[in-house]
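One letter stands for each residue in the lines below.
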Amino acid sequence: MITNQYLQSLADKSVIRTLSEWSTARGAEIGYDNVFDYSLGNPSVPCPPQFTAALERLLQTQEPVALHGYSPSQSLPSVRAAVAENLRRRFGIPYTAAHIFMTCGAAGALAHALRCVAAPGQEVITFAPYFPEYKPYVEGAGLVLKVVPPRTADFQIDFDALERQLTPNTAAILVNTPNNPSGAAYSAATLTRLAGVLAAASQKWGHIIFLISDEPYREILFGGKTVDYVAKFYPHTLTCYSFSKSLSLPGERIGYLAANPACEMADKIVPICAQISRGIGHNCPASSIQLAVAECLEQTSDLTVYEKNMELLYAKLVALGFRVQKPGGTFYIFPQSPEPDAVAFSEKAKKYDLALVPGDSFGCPGYFRMAYCISTEKVQRSLPALEKLMHTEYPR
Ligand SMILES: Cc1ncc(COP(=O)(O)O)c(C=O)c1O
């Protein structure tokens, strides 16, 4: 018999995917080049040549049975050591291979992190606007997702609202900075205060509340800024990283979980993850891809296009009268919709061949997301469409 829970979930399809499917269908009618598809967060730049070279060399020089064999349940030791060394050097935290667990993307890292620190029935708190897949990630682990309402003035944390959500049943806080969809990066002041709140709540409730830091966009920061590495602010942090965006490898499904060596039972986290893997199917990421990314830890794709696109869009949106925060990173921007119903706005935008994702599924109705991981040329061509949408549908 088909499981009812999943049968019902068919009615709850991803809004982003649905809009992306609309873009593809519209593209079949008028040519995909003429559809301004701002729906999906799929990188638009190639992986760095170093990745291709590393993979080619591995394929040509390594013995195939070993290269394509299962990796150990805790993932490949040499890769774990390379990641630990990279993080140690960049962020000054004394990670060793024992704290690193290679995963199938950030999704895989989150699947392990959530199960590692939260038991079914416990609560995980995140902040709106949030990546809509957090709901299935958290609920799929038998946990309860609680959402702190957005602080739309700057998309930092509303600490009073957070305090109201904390309960004795809170197991973890899930943050994503720089953020999908707002593009906001948490400031050092925000992270310092968050660490203080978590330390106090852990003491009050008598158990450690973990911080799960989802960081697929860590390398995509604008204005020459460098990241405030979340784990530096709070010891009980599990960092979930992905090479999907930094190396443009979303289809290769590769990332890692890094347990801060100062966290509770730090030496048990990776062995526990290997046990969790047995049950969830996110086990043993491809050996060849683990080895290839280990050679590219100092590399990124050429990410400059995203900042260029952001500047173009931001300037146009401001000129058209949108209320919008300038993103600090990622390849998303999250303006306020010109009418309170962002779903209605998104429907109107389709008439101008613009695919804009309403903020409702990000826990932030009245806003919409544009994923500008498309060519700059296409962003430029989309600006008159945006202008026409505003002038026709929302004349001042
Ligand atoms: C905030 C956030 N977390 C996690 C993921 C999942 O990333 P991955 O492809 O590495 O599984 C994404 C993907 O878009 C994301 O935007």
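Structure first, text after, so check above.
Because the structure is predicted, anything quoted here is derived from the model rather than measured. Here the residue numbers are simple positions, counted from 1 along each chain's written sequence. Per-residue local features of the predicted model are confined to residues with pLDDT of at least 70, and side-chain atom pairs are confined, for both listing and counting, to 80 or more; whole-chain, interface and lining totals are unaffected and use all residues.

Novice: Please give an account of the nonpolar core that cites residues and values.
Specialist: Connectivity within a nonpolar core runs through C-beta atoms within 7 Å, and the core itself is a set of buried Ala, Val, Leu, Ile, Met, Phe, Trp, Tyr and Cys residues. Once C-beta atoms are placed from the backbone, each residue is buried if 20 or more other C-beta atoms lie within 10 Å of its own, exposed if 12 or fewer, and partly exposed for counts between those two. Counting 118 residues, the largest nonpolar core has Leu 110, Ala 113, Leu 114, Ala 172, Ile 212, Leu 257 and Tyr 372 as its most contacted members. The helix and strand labels rest on DSSP assignments: H or I over at least four residues marks a helix, E over at least two residues marks a strand, and numbering proceeds from the N terminus. Counting residues per element, this core draws most heavily on helix α6 (residues 105-117), at 9 residues. Here the bounds of each domain stem from an automatic or database domain assignment. Two domains each donate at least three residues to this core, and these are domain 1 (4-47 + 302-393) and domain 2 (49-294). Setting aside residues no more than four positions away along its own chain, Ala 113 makes contact with Ile 212, Leu 238, Cys 240 and Leu 257. Our contact criterion uses C-beta atoms placed from the backbone: two residues qualify when those atoms are within 7 Å.

Novice: Talk me through the site of the ligand; I want residue IDs and the actual numbers.
Specialist: Near the ligand, the surroundings consist of 13 residues, among which Gly 105, Ala 106, Ala 107, Ser 242 and Ser 244 are the closest. Element by element, the count of residues in the shell around the ligand is highest for α6, at 3 residues. Class assignment of the residues belonging to the shell around the ligand gives a composition of 5 nonpolar, 7 polar and 1 charged. Using a C-beta atom placed from the backbone for every residue, we mark a residue as near a molecule or strand if that atom lies within 6 Å of it. Residue polarity is assigned by list, with Asp, Glu, Lys and Arg as charged and Ala, Val, Leu, Ile, Met, Phe, Trp, Tyr, Cys and Pro as nonpolar; anything else, Gly included, falls into the polar class.

Novice: Outline the pairing of strand β6 (residues 210-214), listing residues and values.
Specialist: Summarising burial for β6: 5 of the 5 residues are buried, a large majority. Of the two faces of β6, the one holding Phe 210, Ile 212 and Asp 214 and the one holding Leu 211 and Ser 213 are both buried throughout. Strands qualify as paired when DSSP identifies two bridges or more between them. Pairing analysis gives 5 bridges linking strand β5 (residues 170-176) to β6, with the strands arranged parallel. Residue Ile 173 lies in a different strand from β6, and its bridge partner there is Leu 211. Here β6 runs beside strand β7 (residues 237-242); their pairing, made up of 4 bridges, is parallel. The residue bridging Ile 212 from the neighbouring strand is Leu 238, located in β7.

Novice: Can you tell me about helix α10 (residues 266-280), naming the residues and giving the values?
Specialist: In a helix, the anticipated span is given by 1.5 Å times the number of residues less one. Taking 1.5 Å per residue as the helical rise, α10 with its 15 residues ought to reach 21 Å, and the 22 Å between its terminal C-alpha atoms agrees with that figure. Taken residue by residue, α10 has Ile 269, Val 270, Cys 273 and Ser 277 as its buried positions. Turning to α10, the residues buried within the fold contact β2 (100-103), α6 and β8 (255-259).

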